[in-house]
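Chain by chain, the residues:
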Amino acid sequence: MILGALAVWEILVRIEVLSPLYFPPPTAVGRRLWQLFADGTYVAHGRATLYRMAVGLLVGTSLGFLLGVAMGRSGPFRRILDPIVGAIYPIPKIAILPLVMIFLGIGESSKLFVVALGAFFPMLISTLTGVVHIPSIYFEVAKTYGSGPLDLLRRVILPASLPTVLGGFRIALNSVIHITIAVEIVSAVTGLGSLVWFSWETLDVEKLYATLTVIAVLGVVTTHTVNRLSQKLVPWRS
Amino acid sequence: MTGFVCESLGFAYPTEGGVTEALRDVSFAASGHEIVSVVGPSGCGKTTLLKILAGILDPTAGTLRFSPDGNGNRPKRALVFQDHGVFPWLTVADNVAFGLEMQGVRAAERRQRARRFLERVGLEEFADRLPHELSVGMRQRVGIARAFVSDFPILLLDEPFGALDAQTRLLLQEELLGIWQGERKLAVFITHDIEEAILLGDRVLVMSGRPGRILEEIPVPLPRPRALAAPDRPEVTEIKWHIWHQLEKEARRQLSIPD
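These figures come from a predicted structure and were not determined experimentally. (Residues numbered from 1 in each chain as written. Chains lettered and ligands numbered in written order. Predicted model: local features only at pLDDT ≥ 70, side-chain atom pairs only at ≥ 80, totals over all residues.)

Section: the overall build of chain B
No. 1: The helix and strand inventory of chain B stands at eight helices and nine strands.
No. 2: On C-alpha atoms alone, chain B measures out to a radius of gyration of 19 Å, which is about the 18 Å that the 2.2 N^0.38 rule sets for 259 residues.
No. 3: Along the three orthogonal principal directions, the C-alpha set of chain B runs to about 60 × 40 × 40 Å.
No. 4: Out of the 259 residues belonging to chain B, those deemed buried represent 39%.
No. 5: Excluding contacts between residues fewer than 6 apart, the proportion of contacts in chain B whose partners are at least 24 apart in sequence is 72%. (Helix = DSSP H or I, 4+ residues; strand = E, 2+ residues; numbered from the N terminus. Rg over C-alpha atoms; globule rule 2.2 N^0.38 Å. Buried ≥ 20, exposed ≤ 12 C-beta atoms within 10 Å, placed from the backbone. Contact = placed C-beta atoms within 7 Å.)

Digging into the overall build of chain A
No. 1: Regarding its fold elements, chain A presents 10 helices and zero strands.
No. 2: Reading chain A from its N end, one meets helices and strands in the order α-α-α-α-α-α-α-α-α-α.
No. 3: In terms of overall dimensions, chain A has C-alpha extents of about 75 × 45 × 30 Å along its principal axes.
No. 4: Out of the 238 residues belonging to chain A, those deemed buried represent 34%.
No. 5: Partitioning the intrachain contacts of chain A with sequence separation of at least 6 by distance along the chain shows that 71% fall at a separation of at least 24.

Some thoughts on the interface of chain B and chain A
No. 1: Taken together, the contact pairs 19 residues of chain B with 14 residues of chain A.
No. 2: Those elements that provide at least two residues to the side of chain B that touches chain A are strand E5 (77-80) and helix H3 (98-102) of chain B.

Describing the sheet that holds strand E8 (residues 203-207) of chain B
Residues and elements named next belong to chain B.
No. 1: In space, the six strands of this open sheet follow the order E5-E6-E7-E3-E8-E9, with mixed pairing throughout. Strand pairing shows two members of the sheet lacking a second neighbour, E5 and strand E9 (214-219), which therefore form its edges. Shown here is a sheet whose adjacent strand axes are inclined to one another by a mean of 15 degrees, direction ignored.
No. 2: By the bridge criterion, four bridges tie strand E3 (residues 35-39) to strand E7 (residues 186-190) in an arrangement that is parallel. Bridge pairing links Val36 to Val188 in E7.
No. 3: The sheet strands contacting helix H8 (residues 234-254) are E3, E8 and E9, and the helix crosses E9 at an angle near 180 degrees. (Pairing = 2+ DSSP bridges. Axes fitted to C-alpha atoms, helices over the stretch in contact; angles between N-to-C directions.)

Digging into the sheet that holds strand E2 (residues 18-31) of chain B
Sheet strands line up and pair through hydrogen bonds in the backbone, either parallel or antiparallel.
Residues and elements named next belong to chain B.
No. 1: The strand order across the open sheet built from three strands is E2-E1-E4, with neighbouring strands paired in antiparallel fashion. Where the open sheet ends on each side, the last strands, each with one partner, are E2 and strand E4 (61-66). Strand-to-strand twist across the sheet, computed as the mean angle between neighbouring axes with direction ignored, equals 20 degrees.
No. 2: Here strand E1 (residues 3-15) pairs with E2 via 10 bridges, running antiparallel. For Pro14, the partnering residue across the bridge sits in E2 and is Val19.
No. 3: In the packing of helix H1 (residues 46-54) onto the sheet, contacts are made with E1, E2 and E4, and the angle to E2 comes to roughly 60 degrees.

Comments concerning the confidence of the model for chain B
In regions of low pLDDT, the predicted coordinates are not meant to be interpreted in detail.
No. 1: When pLDDT is averaged across chain B, the result is 88; 97% of the residues are at 70 or more.
No. 2: Interface confidence for the predicted complex, given as ipTM, is 0.84, next to a pTM of 0.82. (pLDDT = per-residue confidence, 0-100.)

Remarks on unusual backbone geometry
No. 1: B:Arg210 connects to B:Pro211 through a cis peptide bond whose omega is -5 degrees.
No. 2: Take B:Pro211: it is sitting in the loop between E8 and E9.
No. 3: We note that A:Glu16 has phi near 65 degrees; this positive angle belongs to a residue other than glycine.
No. 4: Considering the arrangement of structural elements, one finds A:Glu16 in the loop between helix H1 (2-14) and helix H2 (26-38).
No. 5: Judged by the 8 C-beta atoms lying within 10 Å of it, A:Glu16 is exposed.
No. 6: Positive phi is not limited to glycine here, since B:Asp151 has a value of about 60 degrees.
No. 7: Mapped onto the secondary structure, B:Asp151 falls in the loop between helix H5 (136-149) and strand E6 (154-158).

In structure tokens:
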């Protein structure tokens, strides 16, 4: 299907139905992609993007998970924080970047903070939903058999909320990909997002398509990996 | 001796329309190695009573006293639920060993004890399976095995066979009686099935409609070990109809239907 579409695209460019200025032929994009890999451009910029994604995802999902569990288990805590979360969550995270740069400067910290924020909210909301909806019978069973708070967390709360938490992790991952690329377009000199912007500035359309292809592959590979991991981690949902 | 005494137990909870009273003035005692069956109409507070005995809920009136165990503490109580009581993320063996794990029993020992009980309930070949791979009846056997293997002196069973078909229920009743015969614990058995209450219990407590009260306490004059054919005996039939008329009266009262 994809190969067929690429073949049609190639033919339409060659017979001059499509302009190569806007739609460079896939073969040319492929050659450019290979060249940028071979000269190390994608390795260096890809590493910068992956680093931001990994740190943002790790920090954001960890904090989101911990706060989600706390809010899920404590009614008063939930009632206090719910309106604050509700107010901040809908703000596009990229719009917060200028404010964050005022506090943290224009270096790496502000970028990581905004990416982490993008992972934090989906994880917080999914974990909160997962924990609140754990059937009370599981807590009752655990209580009658003498579970302490740590046992409860390890043996009941974590596994019972895991399917929803993993759903949140998948949304957080997508959010992290979007925000990392957006942050790099806006304010970075490294990373795949900065390459996209630089390609536009220099009207290097082949490089633009090639970089977008790398970003798409990155998204597909990471999402697929997390999906496979989810199936392995929650076999009782199969 | 293991036992407890309920004195004028009551339980009420706030609702939108005010306060709902689930239990009122419930008094009874149980001790030793008996099975006390509790029957009553739907919504009469049977499960609430069991949750109070389990320590999940605190009564809002009255007192509940347990005779202390060897360490001077309240005796531990194992609860068996109608369904969904087994953890779907744990294997059958880990579910059965859950109580032992919470008591701090070492992994090797709890595995061994869980396996031994799984053999007794005929589930040894399913030890490493997850509960969703089992039938409802098999899952109930896991719940029962978990309660017995934990070796708590008091068993609280909340309609454990309520979701099963008649044939499976009969088999599991037999299995439960068989295990209980060997382990001999104090058990409180909640059911809406009058025959089941008589067949398993040493006495039957009949509860009224909401707010639940104990209407009557009926001793079951059947020797142990019991055969499942016992319900056909005339004294069982007599008790059964007596209880049935009590419950019918309660149902009429609840629905405001004259006798």
